[in-house]
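Here are the chains, one letter per residue:
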Amino acid sequence: MGNKIFDKENLELLCCPVCKTSIKVNENKDFFKCLNESCNVSFPVYNNIPCILNEQNSIFSNEDFARENDTFFKLSENKILKTVKSAFPVLSLNVSTKVNYNSFAKNLLKDNIAGEKKKVLVLGGSVIGKGMSEILAKYPDSIEFVETDVSFGPRTMLICDGHNLPFKDASFDGIIVQAVLEHVLDPYACVSEIHRVIKMDGIVYAETPFMQQVHGRQFDFTRFTHLGHRRLFRHFEELESGAVCGPGMALAWSYKYFLISFSNNKSIRKVLDGFARITAFYLKYFDYFLTKKKGALDAASGYYFMGKKTGRTLTDKELINSYAGAF
Ligand SMILES: [Zn+2]
């Protein structure tokens, strides 16, 4: 199947992540070139997937993708181990993601003219995000998804880094950034790029952890409180926000990480991980109840934010006055 990023209208959205000038693909579609002669960077295409990085400002380089080094999701894992692992119950539960995505689609398609297709950029979209499969399939005629990541995966259409997006200003009607902003070095820079490439009245949806231990090994840097997350998106007007994974999941993760801390031995840690999952998986179900409580805004595993680009910025005084936790 052809990569939709090579559709004419998508190619027109692309720009150089270094200088923001238009870029052009060659006839064989095996590389792109920046049209600004003083910049003149070229970008490779690997297996039909363009790799449009600003290498000067990214922890990833073209070489990582040429050699398929460990990038974010390509952290090599044994297949048998994966199967055994999947037989154990999980500790995580995104309580409201599905509902939130339905609401995202509703906001996006509000006042939609028949026949018009909305374009949604997915950052961190190499695999289908939790709770996302429904909206990916539900609106084939009215929403087109442009799925990007810093790793190859079944869904990757384009390799790009959130710190320097290779898209022209106001390219998208919506942007989804689920469980990504903890894994970038500078989340503020990434959200500023999101703000740049989204259209006026465009809808952004983010999920970012608060009470979660390190996951993704060397690619894990930041956590946000509910208000910290709100401030990250202060150039957007809030439509909705709240806990997406609750205090129950936070407790289950803490318990697991407490147990596995006892050993440096990989195999023992795996046994402890399995034990934690069998003995604490049920905690996540409390989150159906707990995420509705005010206290979840002080204690949740992760938060979501849905906002609209309106040109208005939330002041820090307004931010502080918006505290809605239980204290
Ligand atoms: Zn350039």
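Remember, predicted model here, so these are calculated numbers, not experimental data. (Residues numbered from 1 in each chain as written. Predicted model: local features only at pLDDT ≥ 70, side-chain atom pairs only at ≥ 80, totals over all residues.)

Asks: Quick one: what's the story with the overall build of the protein, residue by residue and with numbers?
Replies: Summing up its helical and strand segments, the protein has 12 helices and 11 strands in all. Taken against the 2.2 N^0.38 rule, which gives 20 Å for 327 residues, the C-alpha radius of gyration of the protein at 20 Å falls within 12% of a compact globule. Expressed along its principal axes, the backbone C-alpha trace of the protein runs to roughly 60 × 45 × 35 Å. Classification of the 327 residues of the protein by burial places 39% in the buried group. Considering only contacts within the protein whose residues lie at least 6 apart along the sequence, 74% involve residues at least 24 apart. (Helix = DSSP H or I, 4+ residues; strand = E, 2+ residues; numbered from the N terminus. Rg over C-alpha atoms; globule rule 2.2 N^0.38 Å. Buried ≥ 20, exposed ≤ 12 C-beta atoms within 10 Å, placed from the backbone. Contact = placed C-beta atoms within 7 Å.)

Asks: Just give me the short version of the pairing of strand E5 (residues 118-123), but keep the residues and values in it.
Replies: Looking down a regular strand, the side chains alternate between one sheet face and the other. Where E5 meets strand E6 (residues 143-149), 6 bridges bridge the pair, whose relative direction is parallel. Its bridge partner lying in E6, Lys119 is registered against Glu144. Read as a crossover between parallel neighbours, the route from E5 over helix H5 (residues 133-138) to E6 is right-handed. Where E5 meets strand E8 (residues 172-178), 4 bridges bridge the pair, whose relative direction is parallel. Along E8, the bridge assignment pairs Val122 with Ile176. (Pairing = 2+ DSSP bridges. Right-handed = clockwise from strand over helix to strand, strands pointing away.)

Asks: Kindly report on the packing of helix H8 (residues 247-260) against helix H9 (residues 266-280), identifying the contributing residues and their values.
Replies: Packing of H8 against H9 leaves a shortest axis separation of 9 Å and a crossing angle of 150 degrees. Looking at the two axes, H8 sits roughly antiparallel to H9. The crossing of H8 and H9 is right-handed. Contact residues: Ala252, Tyr255, Lys256, Leu259 and Ile260 in H8; Arg269, Leu272, Asp273, Phe275, Ala276 and Ala280 in H9. (Axes fitted to C-alpha atoms, helices over the stretch in contact; angles between N-to-C directions. Parallel < 35°, antiparallel > 145°, perpendicular 65-115°, else oblique. Left-handed = near helix turned anticlockwise from the far one by under 90°.)

Asks: Provide a residue-level description of unusual backbone geometry, including the pertinent values.
Replies: Positive phi is not limited to glycine here, since Lys29 has a value of about 55 degrees. One non-glycine residue, Asn48, lies in positive phi territory at about 75 degrees. The residue Asn48 is located in the loop between strand E3 (42-46) and strand E4 (49-50) in this model.

Asks: Give me the nonpolar core: which residues, what numbers.
Replies: In terms of nonpolar packing, the biggest core is built from 77 residues, with Ile52, Val120, Ile175 and Val204 touching the most fellow members. Residue contributions to this core reach at least three from each of two domains, namely domain 1 (4-66) and domain 2 (79-321). Residue contacts for Ile52: discarding those within four places in its chain leaves Leu14, Pro17, Phe32, Phe43, Leu158, Ile159, Cys160 and Pro166. (Core = buried A, V, L, I, M, F, W, Y, C linked by C-beta atoms within 7 Å. Domains from an automatic or database assignment.)

Asks: Can you lay out the pairing of E8 for me, pointing to particular residues and giving the numbers?
Replies: Buried residues dominate E8, accounting for 7 of its 7 residues. Between E8 and its parallel partner strand E9 (residues 198-209), the chain crosses via helix H6 (residues 187-197), and the hand of that crossover is right-handed.

Asks: Describe the sheet that holds E8, listing the residues and the values that go with them.
Replies: Pairing within the open sheet is mixed, and its 7 strands lie in the order E7-E6-E5-E8-E9-E11-E10. Since the sheet does not close on itself, it has two edges, and those belong to strand E7 (158-159) and strand E10 (237-245), each with one partner. The sheet contact formed by E9 and strand E11 (residues 302-308) spans 7 bridges and is antiparallel. Its bridge partner being in E11, Ile203 is matched across the sheet by Lys308. In this fold helix H4 (residues 97-109) packs onto E5, E6, E8, E9, E10 and E11, with an angle of close to 175 degrees to the strand it touches most, E9.

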